[in-house]
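Report on the structure
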Amino acid sequence: MAVILLTGAAGSIGTAVAPLLRAAGHRLRLLDLVEPPAASADDDVRLGSAVDDAAMQEAARGVDLVVHLASHASERSWRDIVDVNVESTRVALDAAHLGGAAILLASSVHAAGCVPSDEAGDGMPRARPDTYYGFSKAAAEALGDLYADRFGMRIVSARIMTFGDRPHTARARSTWLSPADFARLVEASLDVAPGNHVVWGVSANTRRTVDLAPGRAIGYEPQDDAEDHVDALATELGLDSPADIRPVGSDPLGGVFTTHPLGTPGP
Ligand SMILES: NC(=O)c1ccc[n+]([C@@H]2O[C@H](COP(=O)([O-])OP(=O)(O)OC[C@H]3O[C@@H](n4cnc5c(N)ncnc54)[C@H](O)[C@@H]3O)[C@@H](O)[C@H]2O)c1
């Protein structure tokens, strides 16, 4: 049993994963600007901002792991991205450092969104952000290096691909991350060795184009596969059969983000 702080706990990932972590026996501290819908009576709920040093240091006291999810989760103005995404990552790292906790940083595929899917290759490609949002995730990974190298912290930077109950787009046949696999990644992060471990946040999809080895090196063994949902996906896309689902080929990992206007909310 561990004590885990989830920032951004009211969002889609926090809402889906909190019940799984609770069921695995962990005690949860949930921080968000708004009341987390998945909170239970057993959770310690903190309403506050992830850019507030005092609130974050208080929330991280006595926890084993900080899971830093709070951020703008798609493109915003440069100012908003820097003030929330970059700033909250620094605040979360300081809070975890002071509290002696490990930390899982929610990076994103968009940190490397301009890498062609068929060139993602073995290991982790270097950051090639597709948006200011993607830049903030590359910055989070770099801050992770700084805090691991300077302070010996235990850090996982997870390039989350497409989180959801099941794949809902053709691209997600390759990029889907299930709630149960994200919970597995959180549990692997509890015991991680010192260093900043950059891994893909992706399920064991047959059609994935990225490497599971960096995740396996920290004990992350995803179990779910988008292929188990292809019939529902084909129906949702209005196709006759899964064979008609368009493969990602050489599409950039970041999909539509790579052509979205910089600094404009969306896509
Ligand atoms: N969902 C995905 O497929 C996906 C993919 C890649 C990366 N990510 C990353 O994972 C994290 C969680 O994603 P999500 O889909 O749950 O996002 P979401 O937008 O559903 O939730 C984000 C949460 O963060 C909170 N938040 C924002 N600013 C805050 C602040 N200053 N203080 C406290 N809370 C704040 C919001 O209130 C919200 O509840 C984000 O960092 C996102 O960039 C998500």
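Being a predicted model, the structure only gives us computed values, none of them experimental.

In space, the 7 strands of this open sheet follow the order β3-β2-β1-β4-β5-β6-β9, with parallel pairing throughout. With one partner strand each, in any of the chains shown, β3 (44-47) and β9 (195-201) form the two edges of the open sheet. With direction set aside, neighbouring strand axes in the sheet form an average angle of 20°. Across 4 bridges, the pairing between strand β1 (residues 3-7) and strand β4 (residues 65-68) is parallel. By the bridge assignment for β4, L5 is matched with V66. Of the strands in this sheet, β5 (102-108), β6 (154-160) and β9 touch helix α4 (residues 132-151), which is tilted by about 155° from β5.

The subject of this paragraph is the site of the ligand. The immediate surroundings of the ligand are formed by 24 residues, with S12, D32, A50, L69 and Y133 found nearest. Contact between the ligand and S71: an oxygen atom at 3.0 Å from a side-chain N or O atom of the residue. Within the side chain of K137, an N or O atom sits 2.9 Å from an oxygen atom of the ligand. Expressed as a share of its isolated accessible area of 830 Å², the protein-covered part of the ligand is 83%.

Our next topic: the UniProt feature "domain: NAD-dependent epimerase/dehydratase" (unreviewed entry) in the protein chain. Taking the numbering used here, the UniProt-annotated feature "domain: NAD-dependent epimerase/dehydratase" (unreviewed entry) corresponds to residues 4-166. With 38% helix and 21% strand, residues 4-166 has end C-alpha atoms that lie 25 Å from one another.

Overall, the coordinates contain 5 aromatic pairs when judged by the stated rule. Ring centres 6.0 Å apart and planes at 45° place the aromatic pair Y133 and F257 in the tilted group. Residue Y133 is found in helix α4, and its partner F257 is found in the segment after α8 (230-236); the two are separated by 124 residues along the sequence. Exposure remark for Y133: the relative accessible area of 7% places this residue in the buried category. Between F163 and F182, the aromatic rings sit 6.3 Å apart at their centres with planes inclined by 85°, giving edge-to-face as the arrangement.

Before going further, it helps to spend a moment on the pairing of β1. For β1, the tally of buried residues reaches 5 of 5 residues, placing the bulk of the element in the interior. The two faces of β1 match: V3, L5 and T7 on one face and I4 and L6 on the other face are all buried. As judged from the 5 bridges shared by β1 and strand β2 (residues 27-32), these two strands associate in the parallel manner. Across the sheet, L5 pairs through a bridge with R29, a residue of β2. Where the polypeptide runs from β1 across helix α1 (residues 12-23) and back to β2, its parallel neighbour, the crossover connection is right-handed.

What counts and what doesn't
- Residues numbered from 1 in each chain as written.
- Predicted model: local features only at pLDDT ≥ 70, side-chain atom pairs only at ≥ 80, totals over all residues.
- Heavy atoms only, no water.
- Pairing = 2+ DSSP bridges.
- Helix = DSSP H or I, 4+ residues; strand = E, 2+ residues; numbered from the N terminus.
- Axes fitted to C-alpha atoms, helices over the stretch in contact; angles between N-to-C directions.
- Contact = heavy atoms within 4.5 Å.
- Near = heavy atom within 4 Å.
- Polar contact = N/O pair within 3.5 Å; in protein donor to acceptor, adjacent residues only side chain to side chain.
- Areas by Shrake-Rupley, 256 points an atom, 1.4 Å probe, with all protein chains shown as cover.
- UniProt positions renumbered as here; feature names shortened; annotations may be inferred.
- Phe/Tyr/Trp six-rings, centres within 6.5 Å; stacked < 30°, edge-to-face > 60°.
- Buried < 20%, exposed > 50% of the residue type's maximum accessible area, 1.4 Å probe, protein only.
- Right-handed = clockwise from strand over helix to strand, strands pointing away.

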